[in-house]
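So you can see what is in the structure, the chains are spelled out below.
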Amino acid sequence: MRDPNYCSPWLFPNLESFSHLLLYLKIKSKNRLAPNNETINLDLDIITHNFEGLLFYIYNNSKLYLFDLLNIPHDCTHHRMLSLSSKYLINHGYFCFFIIPFGYFKPKNEIKFSMEIEGLELIKQLFGWSPSFLYKNVKSIIKINNSYQEIIPEFKFPIPSYHISSWFKSNHTSLIFSLINLLTTFEPMGSARFDINASDIKLLIDKTNEYLFEISEEEEDTTLSYIVNELKRLRNNVKILSKVKIINWIDDIIKYYSTNLNKVS
């Protein structure tokens, strides 16, 4: 795919301020015949390693935009069964799945996608978008022309693995509320181009509140890296945490530091 922008004429202008991944699937029929069923099930596994945070995803199924939020407290596999319009897939010949990460990737990270559609062949590509705000804040004739960058997979058995390089910066956790507000503004518009269910937005808000206010378990780490990581997480979340949560978080750090200090002494 030469230009990933063409497959998301509505979505992209609203996501350009968020770092995000675009999983592009080119659809081919193995027997060159269109599926008989009205819907096709896509089995999708998202496998993460050395990423901590939240994964928001959104995709287009005919006129309806569907989305959900995944909690990634540690390395894990998330399974999703996506029911897609067969007519939409056959007419377009491709399927786009957007992933917006909130949190952080460690240097040695991996993300894998295992997927299958019965009777169809999938050719996948992964692209990354990292926003730049320089041209919006500086009055200059120079404008940074951002574009998607393809992330080349490492062919590991049995599933190819993608490494997210340092040029791609995950979004700060607090920005997820900006994304929710964005979706909320589109829901009542009744646009002829797309539909978003209000119930989906309410569920997203509930999940966000549940996931963001969880305090991570203490790591078995005798170095100061644990404290540094927790302070970074606290800094990124301080605007959305209650005073009680902030105090509890600081108490956990003090307790951890005191325990390790006693071990050393």
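Residues numbered from 1 in each chain as written. Predicted model: local features only at pLDDT ≥ 70, side-chain atom pairs only at ≥ 80, totals over all residues. Heavy atoms only, no water.

### Things to note about the packing of helix 4 (residues 176-186) against helix 5 (residues 198-212)
How we decide: Only the contacting stretch of a helix is used when fitting its axis, a line to C-alpha atoms as for every element, and angles between N-to-C directions run 0 to 180 degrees. Here a helix means four or more residues in a row that DSSP labels H or I, a strand means two or more in a row labelled E, and each is numbered from the N terminus. Should an angle fall under 35 degrees it is taken as roughly parallel, and over 145 as roughly antiparallel, whereas 65 to 115 is taken as roughly perpendicular and any remaining angle as oblique. Only heavy atoms enter the contact rule, under which two residues are in contact if any of them lie within 4.5 Å.
Their axes nearest at 11 Å, the elements helix 4 and helix 5 cross at an angle of 170 degrees. In terms of orientation, helix 4 and helix 5 fall into the roughly antiparallel class. Residues Ile 176, Phe 177, Ile 180, Leu 183 and Thr 184 of helix 4 form the contact with helix 5, whose participating residues are Ile 201, Leu 204, Ile 205, Thr 208, Asn 209 and Leu 212.

### Remarks on the pattern of salt bridges
The line we're drawing: By convention in these notes, a salt bridge is any Lys or Arg side-chain nitrogen within 4 Å of a carboxyl oxygen on Asp or Glu. The cut-offs for exposure are 20% and 50% of the maximum accessible area for each residue type, with area from a 1.4 Å probe on protein chains only; residues under the lower value are buried, those over the upper are exposed, and the others partly exposed.
Under the defined criterion, the tally for this structure stands at two salt bridges. The salt bridge partner of Arg 80 is Asp 68, with a shortest N-O separation of 3.4 Å. One end of the pair, Arg 80, is in strand 4 (residues 76-85); the other, Asp 68, is in strand 3 (residues 64-72), with 12 residues separating them in the sequence. For Asp 68, a relative accessible area of 14% translates into the label buried. In this structure, Asp 68 engages Lys 207 in a salt bridge whose closest nitrogen and oxygen atoms are separated by 2.8 Å. You can see Asp 68 sitting in strand 3 and its partner Lys 207 sitting in helix 5, a full 139 residues away along the chain. Just as Asp 68 is buried, Lys 207 falls in that class too. Here the residues in one salt-bridge network are Asp 68, Arg 80 and Lys 207, joined through shared partners.

### Describing the confidence of the model for the chain
Condition: Per residue, pLDDT measures the predictor's confidence, with a range of 0 to 100.
Per-residue confidence for the chain averages 77 on the pLDDT scale, and 75% of its residues sit at or above 70. When pLDDT is averaged over each element of the chain, strand 8 (residues 161-162) comes out on top at 94 and helix 3 (residues 134-137) at the bottom at 48. The model gives residues 140-144 a pLDDT under 50, and that stretch makes five contacts with residues more than four places away or in other chains. Here residues 215-222 scores under 50 on pLDDT; set against residues more than four positions off or in separate chains, the count is 15 contacts.

### Comments concerning the side chain of Gln 125
The criterion, for reference: Pairing of N or O atoms within 3.5 Å defines a polar contact, subject to two protein rules: one partner must be a possible hydrogen donor and the other a possible acceptor, and residues neighboring in sequence count only if both atoms are side-chain atoms.
Along the chain, Gln 125 turns up in strand 6 (residues 120-129). Separated by 3.1 Å, the side chains of Gln 125 and Glu 150 make a polar contact.

### Topic: the nonpolar core
Just so we agree on the cut-off: As used here, the term nonpolar core means buried Ala, Val, Leu, Ile, Met, Phe, Trp, Tyr and Cys residues forming a set that is joined through side-chain atoms within 4.5 Å.
Counting residues in hydrophobic clusters, the biggest one holds 34 residues, and the most contacted among them are Phe 95, Phe 97 and Phe 113. Only strand 1 (20-29), strand 2 (39-61), strand 3, strand 4, helix 2 (86-92), strand 5 (94-117) and strand 6 provide two or more residues apiece to this core. Non-local contacts of Phe 97, meaning those with residues more than four positions away in its chain, are made with Leu 21, Leu 22, Leu 23, Leu 44, Ile 46, Tyr 57, Ile 58, Tyr 59 and Leu 82. Core analysis: the second largest hydrophobic core is formed by 29 residues, Phe 56, Phe 98, Ile 100 and Ile 180 among them.

### Here we look at helix 4
The periodicity of an α-helix, 3.6 residues per turn, causes residues three or four places apart in sequence to face the same way. Our working rule: What the arc measures is the spread of directions leading from the helix axis to the C-beta atoms.
Turning to helix 4, its buried residues number three or more, namely Ile 176, Leu 179, Ile 180, Leu 182, Leu 183 and Phe 186. Across the axial projection of helix 4, the buried residues extend over an arc of 155 degrees, all falling on one side.

### A word on the packing of aromatic side chains
A ring pair, where both rings are aromatic, is described by two values, the distance of the centres and the angle of the planes. Filter applied, for reference: Working definition: rings of Phe, Tyr and Trp (its six-membered ring) pair if their centres are within 6.5 Å, and the pair is stacked with planes under 30 degrees apart, edge-to-face with planes over 60 apart, and tilted otherwise.
As enumerated under the stated definition, the model contains 13 aromatic pairs in all. Measuring from ring centre to ring centre gives 6.3 Å for Tyr 57 and Tyr 59, while their planes differ by 20 degrees; the resulting arrangement is stacked. According to the relative accessible area criterion, Tyr 57 is buried, its value standing at 6%. For the pair Trp 167 and Phe 168, a centre-to-centre distance of 5.8 Å together with 90 degrees between the ring planes defines the contact as edge-to-face. Judged by relative accessible area, Phe 168 falls into the buried class, the value being 4%.

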